[in-house]
Structures are given as C-alpha cells and as structure tokens.
Amino acid sequence: QVQLVESGGGLVPAGGSLRLSCAASGRSFSNIVMGWFRQAPGKERELVAAISWSVRRPYVADSVKGRFTISVDIANNTVYLQMNTLKPEDTAVYYCAADPKFAVLPKYYAYWGQGTQVTVSS
C-alpha cells in the first residue's frame with residue numbers, strides 16, 4: 001500500500017506561484033509513476049503532470065506546459081509540482097496519485113492523496 005500526503009495549496013493572485021508537495025510512504029514497488037491531477041467543480045478530473053520514479057522523465061499536459069514543472073526527491077519519496085504564472089482557470093482541487101504504470105485517466109491510478117485546494121484570484 002502507498003500513502004500520499006499533500007501540502008502547498010492556497011490562495012494566490014493571478015501571475016503568482018505555488019509549489020505543491022506530495023510525500024509518499026509505504027511504497028513497495030520501484031517502477032511507480034506519480035502524477036498530479038486537478039478537478040474543478042463540474043469538470044472531469046484531469047492529469048496535469050506525471051513522472052516515473054525510475055526514469056524520471058516528466059510528462060506535462062499541454063494546458064500547463066511552460067508554466068508547471070514536476071520533479072521528484074527520491075531520497076525523501078516526495079514529488080513536487082511547481083506552478084508558475086498561475087491563471088484563474090488553474091483553480092481546482094489538486095490531487096497527488098500513484099500507480100505502477102503511467103496513464104492519463106484517473107481511473108487507472110490505485111493510490112490517491114486527499115487533495116489540496118488551489119485558488120487563483122484575478
């Protein structure tokens with residue numbers, strides 16, 4: 001079993017930055033993929049970024065490419081999402097998720113954090 005604990009959400013003005021953290025514990029496999037999803041009210045949950053624990057080559061969705069960066073700290077079992085130049089449309093609950101394989105749909109991820117609210121004001 002993998003447990004995920006998120007932090008770093010909050011309220012930020014448009015153009016500002018936030019850094020989300022997700023600390024993983026209890027990982028029992030080495031090929032884990034960790035991803036960040038977001039879900040706004042009335043919208044589907046969507047993948048914004050993901051990274052392989054072993055290869056560490058990042059995936060970033062086109063909607064946030066150039067503004068968001070995903071990275072990992074292997075020693076501390078932590079994945080980060082650096083969010084720059086935030087826009088009001090980035091407002092959502094952001095979730096950390098993990099699975100043995102990369103996927104873009106949330107239904108394929110076995111482990112989830114509790115979610116953290118990101119609100120970007122204009």
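Below is a short write-up of the structure.

### A word on the overall build of the protein
At step 1: Broken down by element type, the protein carries zero helices and 11 strands.
At step 2: Listing every helix and strand of the protein by position from the N terminus yields β-β-β-β-β-β-β-β-β-β-β.
At step 3: Overall, the C-alpha framework of the protein stretches about 45 × 30 × 25 Å when taken along its three principal axes.
At step 4: The proportion of buried residues among the 122 residues of the protein is 44%.
At step 5: Considering only residue pairs separated by 6 or more positions, the protein has 56% of its internal contacts joining residues 24 or more positions apart.
At step 6: Element-wise, carbon and sulfur atoms account for 50% of the exposed surface of the protein, whose accessible area totals about 6300 Å².
At step 7: Charge separation in the protein, taken as the distance between the mean sites of 12 positive and 8 negative side-chain charges, equals 5 Å.

### Focus: a nonpolar patch on the surface
At step 1: A cluster of nonpolar side chains, namely Y59, F102, V104, L105 and Y108, defines an oily patch on the protein surface of about 470 Å² accessible area.
At step 2: Relative to the elements of secondary structure, Y108 occurs in the loop between β9 (92-99) and β10 (111-112).
At step 3: Judged by relative accessible area, Y108 falls into the partly exposed class, the value being 47%.

### Regarding the nonpolar core
At step 1: Counting 31 residues, the largest nonpolar core has L4, M34, W36, V79, L81, M83 and Y94 as its most contacted members.
At step 2: Within the second largest apolar cluster, eight residues are counted, among which are F37, L47, A50 and A103.

### Section: the state of the cysteines
Linking two cysteines covalently via their sulfur atoms produces the bond known as a disulfide.
At step 1: Under the defined criterion, the tally for this structure stands at one disulfide.
At step 2: Between C22 and C96 runs a disulfide, and the two sulfur atoms are separated by 2.1 Å. Between C22 and C96 the sulfur-sulfur dihedral comes to about -80 degrees; the bridge is accordingly left-handed. Highlighted residues: C22 in strand β3 (residues 18-25) and C96 in strand β9, separated in sequence by 74 residues. Here the two residues C22 and C96 agree in accessibility, since each one is buried.

### Looking at the packing of aromatic side chains
At step 1: Following the criterion strictly, the structure yields five aromatic pairs and no others.
At step 2: Between F37 and W112 the ring centres are 5.0 Å apart and the planes differ by 50 degrees, which places this aromatic pair in the tilted class. Taken together, the residues span a long stretch of sequence, with F37 in strand β4 (residues 33-39) and W112 in strand β10 at a distance of 75 residues.
At step 3: Taking relative accessible area as the criterion, F37 reaches 0% and is therefore assigned buried.

### Quick look at the pattern of salt bridges
At step 1: Scanning the entire structure with this criterion turns up four salt bridges.
At step 2: In this structure, E46 and R38 form a salt bridge, with 3.0 Å as the shortest nitrogen-oxygen distance.
At step 3: When the shortest N-O distance is used, the salt bridge between D90 and R67 registers 2.7 Å. Residue D90 is found in the loop between β8 (78-83) and β9, and its partner R67 is found in the loop between β6 (58-60) and β7 (68-73); the two are separated by 23 residues along the sequence.
At step 4: Given a relative accessible area of 1%, D90 falls into the buried group.
At step 5: For R67, a relative accessible area of 10% translates into the label buried.
At step 6: By sharing partners, the salt bridges in this structure join R38, E46, R67 and D90 into a single network.

Basis of the calculations
- Residues numbered from 1 in each chain as written.
- Predicted model: local features only at pLDDT ≥ 70, side-chain atom pairs only at ≥ 80, totals over all residues.
- Heavy atoms only, no water.
- Helix = DSSP H or I, 4+ residues; strand = E, 2+ residues; numbered from the N terminus.
- Buried < 20%, exposed > 50% of the residue type's maximum accessible area, 1.4 Å probe, protein only.
- Contact = heavy atoms within 4.5 Å.
- Areas by Shrake-Rupley, 256 points an atom, 1.4 Å probe, with all protein chains shown as cover.
- Lys, Arg positive; Asp, Glu negative; His and termini not counted.
- Charge placed at Lys NZ, Arg CZ, Asp CG, Glu CD.
- Patch = residues over 30% accessible without salt bridge, like charges linked within 9 Å, V, L, I, M, F, W, Y side chains within 5 Å.
- Salt bridge = Lys/Arg side-chain N within 4 Å of Asp/Glu carboxyl O.
- Core = buried A, V, L, I, M, F, W, Y, C linked by side-chain atoms within 4.5 Å.
- Disulfide = S-S within 2.5 Å.
- Phe/Tyr/Trp six-rings, centres within 6.5 Å; stacked < 30°, edge-to-face > 60°.

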